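# Fold and geometry: a report
The lines below spell out each chain.
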Amino acid sequence: MEQAAGCPAVGGSYPQKNAEILSSQYGINLFLAGLLLTFAWAVHAVGISKSHLLSYLITLMLIQLLWMLWYLCRSCTQRRLIRDKDTHAGARWLKCGITLFAVITLILDSFKIGYYIDFSNCLSPTEGIFPVTHAVHTILQVYFLWCHAKDIIQSFKTLERFGVIHSVFTNLLLWTNGVLTESKHQLNEHKERLITLGFGNITIVLDDHAPQCNCTTTTLCSIFSQGIYYLYPFNIEYHILASTMLYVLWKNIGRKVEHHQPNKTPFKFHGITVGMIFGLIVLTSTIAIVVVYLIQIGGSKIKSELALTMFYLHAIFVLALMCTAGIVALLIYRLEDRNLDNSKNPARKLDAELLVGTAAGSWLLSWGSILAIICAQGHPKYTWYNLPYSVLVIIEKYIQNLFIIESIHREQEKVNDDIKTLRIVTISRGSTLSLTPLYKEIYNGRDAPDRGDIPCLFKGSIYGRENDGAGVAKDETSQDSSLVMHSASDFSFSSRNSVTNNKRRILKNIAAFLFLCNLSLWIPPAFGCRPEYDNGLEEIVFGFEPWIIVVNLAMPFSIFYRMHSAASLFEVNCKT
């Protein structure tokens, strides 16, 4: 019967595998079409306007809205059915993070609506429809992810594969659109900064997509236009987080899971005071550096050079601390003997791949800076600080990736059953429980309420020895030796437990410190503090346009790496 039943299952896996391949190809083609349309608009291709791009994005969002509504309605009618859940996917802290970014994205959409109203005379209607559609899309998508990010879909699997992958690539295209718009704004400020640094021989035509009409209310227009670009980093993070959560949902379709719930590991501030204090110092100083940098850069040549020097020195110090912390954590892991969890886990696999893949963006920029310093004929003084900075960026990400990937793959620490039964085994050999508490009571931090209680399993053997008149002296000797055994074993366990707790405390502090450091290093590039643009040396060596293309391609991955690392380190802190 098992073989007969197994044959259809094997044959039935082929349609599902084909559905996975077909849906992935559909998503890739959807993304490539949108990417080409975005590129055509960016380079002012003939016959392609912003309204064409926005119309394409609006259509994709409306299709996703229809699919999510259908899924929610179907789930509501089947709410009494017991469904499989992936307990590793859609962690609560991840949902809270995406909700925060979504709220700021809604503020961004409201600014865009206000901007459209002020320039409605010369803007396409799609520029007013897009933020409204995007706001509705954001609200429903966050609700969908809160309720169904853990689902393992077992019905309508082919249809659901296409719906989920459509949602994944829709969010990736919205992310691409946000990155491009934000990059254009950065480029329009970039040339002015280079001129103040003395690189006047670099020429480029500014890319201006400003409306060709006057604003109805000048003050509000200024607030909306400036505020939009400060909110874009949060919108960018929102869409990339949404796409990763939806991708895990897509990978889980039709998956067979073991029916057991892992131990929940809530975040606790206890025991991480040192890491939090040092991390908050780094965070505070980074914010101060960014504020000063943005004020000083472009003001004059001296102010710009001082701003760049200040940024490099601060970053070198922070990266050196992060490297040291990561090495200490890896050394602690080498001293421990714990197995790795190699079970199938799409969320964990995606985390590891994203860490290495997005780190390549920073590595590309760092190697470009190193080659520019080596090959350049002239070197302003501040550019020499870029060399140790670039080297440390490469090393720090290498070490941090090792630490995070090993941490998320390590098995949860379990109490050894042999140690648990140590006291009971020695009791059966003739000890008295009144001398030392059971291991379980030591582990829970309390003594037994009645030290005279003896497990019924061993009462007969102990009482038999006590009633044996000829063996009284022998029993007393056995009890004395057992007391020594208990004291030694309890002391040995207490020592091992103390060492383990100290290691765990150090690891938790390191994870907390690195978490805040990654948040700190996310802030500068996300809010316009980008020495890769302002340094000027790379543009001289590689050429202005080639280097700007490299920076625009690599920078979004570098920014996402820091936020994703922070999220992963938060999970490491909870598990440690």
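Residues numbered from 1 in each chain as written. Predicted model: local features only at pLDDT ≥ 70, side-chain atom pairs only at ≥ 80, totals over all residues. Heavy atoms only, no water.

The secondary structure content of the protein chain amounts to 18 helices and 0 strands. Taking all 576 residues of the protein chain together, the buried fraction comes to 47%. Of the contacts formed within the protein chain by residues at least 6 apart in sequence, a portion of 87% connects residues at least 24 apart. Here the protein chain displays about 29200 Å² of accessible surface, and carbon together with sulfur accounts for 65% of that area. (Helix = DSSP H or I, 4+ residues; strand = E, 2+ residues; numbered from the N terminus. Buried < 20%, exposed > 50% of the residue type's maximum accessible area, 1.4 Å probe, protein only. Contact = heavy atoms within 4.5 Å. Areas by Shrake-Rupley, 256 points an atom, 1.4 Å probe, with all protein chains shown as cover.)

On the surface, L371, I374, I540, V541 and F542 cluster together to form a nonpolar patch covering roughly 430 Å² of accessible area. Listing elements by their share of the nonpolar patch, those giving two or more residues are α9 (346-375) and α17 (537-542). A per-element tally of the nonpolar patch places α17 first, with 3 residues. Assignment of secondary structure puts I374 in helix α9. Residue class for I374 comes out exposed when judged on its relative accessible area of 61%. (Patch = residues over 30% accessible without salt bridge, like charges linked within 9 Å, V, L, I, M, F, W, Y side chains within 5 Å. Salt bridge = Lys/Arg side-chain N within 4 Å of Asp/Glu carboxyl O.)

Bringing the packing of helix α6 (residues 218-251) against helix α18 (residues 544-575) into the picture now. Between α6 and α18, whose axes approach to 11 Å, the crossing angle comes to 65°. Between α6 and α18, the angle falls in the class roughly perpendicular. Our pair here, α6 against α18, has a crossing hand that is right-handed. Along the contact surface, α6 presents E237, I240 and T244, while α18 presents I559, F560 and M563. Class assignment for the residues of the contact of α6 with α18 results in 4 nonpolar, 1 polar and 1 charged. (Axes fitted to C-alpha atoms, helices over the stretch in contact; angles between N-to-C directions. Parallel < 35°, antiparallel > 145°, perpendicular 65-115°, else oblique. Left-handed = near helix turned anticlockwise from the far one by under 90°. Nonpolar A, V, L, I, M, F, W, Y, C, P; charged D, E, K, R; others polar.)

This brings us to the environment of L108. Relative to the helices and strands, L108 is located in helix α3 (residues 92-118). Relative accessible area serves as the criterion here: at 1%, L108 is assigned to the buried category. Remark: the alpha-carbon pair of L108 and F234, spanning 126 residues in sequence, is separated by 9.2 Å. Not counting the four nearest positions on each side in its chain, L108 is found in contact with I228, L231, Y232 and N235.

F144, M322, Y389, F403 and L514 are the most contacted members of the largest nonpolar core, which totals 114 residues. The element contributing the most residues to this core is helix α8 (residues 301-335), with 15 residues. Two domains share this core, each providing at least three of its residues, namely domain 1 (14-256) and domain 2 (267-412 + 500-575). Each residue touching F144, except ones within four places of it in the same chain, is listed here: W67, M68, Y71, L72, A149, L246 and L249. Counting 10 residues, the second-largest nonpolar core is a separate cluster that includes V179, I240, A347 and F560. (Core = buried A, V, L, I, M, F, W, Y, C linked by side-chain atoms within 4.5 Å. Domains from an automatic or database assignment.)

Looking at the element boundaries, S390 is found in helix α10 (residues 386-409). A relative accessible area of 2% places S390 in the buried class. In this structure S390 touches S366, S369 and I370, once residues within four positions along its chain are discounted.

Turning our eyes to something else, we now look at the environment of R255. For R255, the location among the structural elements is in the loop between α6 and α7 (273-296). Looking at R255, the relative accessible area reads 11%, which means it is buried.

Our next topic: the confidence of the model for the protein chain. Averaged over every residue, the pLDDT of the protein chain is 77; the share at 70 or more is 72%. Helix α4 (residues 126-148) holds the highest mean pLDDT among the elements of the protein chain, 93, whereas helix α13 (residues 439-443) holds the lowest, 40. Within the model, pLDDT remains below 50 along residues 1-12, and this stretch shows 0 contacts once partners closer than five positions in the same chain are excluded. When the criterion is pLDDT under 50, residues 415-470 qualifies, and its contacts beyond four places in sequence or with other chains add up to 61 contacts. (pLDDT = per-residue confidence, 0-100.)

Opposite charge on two side chains permits them to pair, given that their charged atoms come into close proximity. One pass over the structure, following the stated rule, counts 6 salt bridges. For the salt bridge of E20 with K251, the shortest nitrogen-to-oxygen distance reads 3.7 Å. Separated by 231 residues along the polypeptide, E20 in helix α1 (residues 2-42) and K251 in helix α6 bring together distant segments of the chain. Overall, the relative accessible area of 34% leaves K251 in the partly exposed class. We note a salt bridge from E127 to K50, for which the minimum N-O separation is 4.0 Å. You can see E127 sitting in helix α4 and its partner K50 sitting in helix α2 (residues 50-77), a full 77 residues away along the chain. With relative accessibility at 30%, the residue K50 sits in the partly exposed group.

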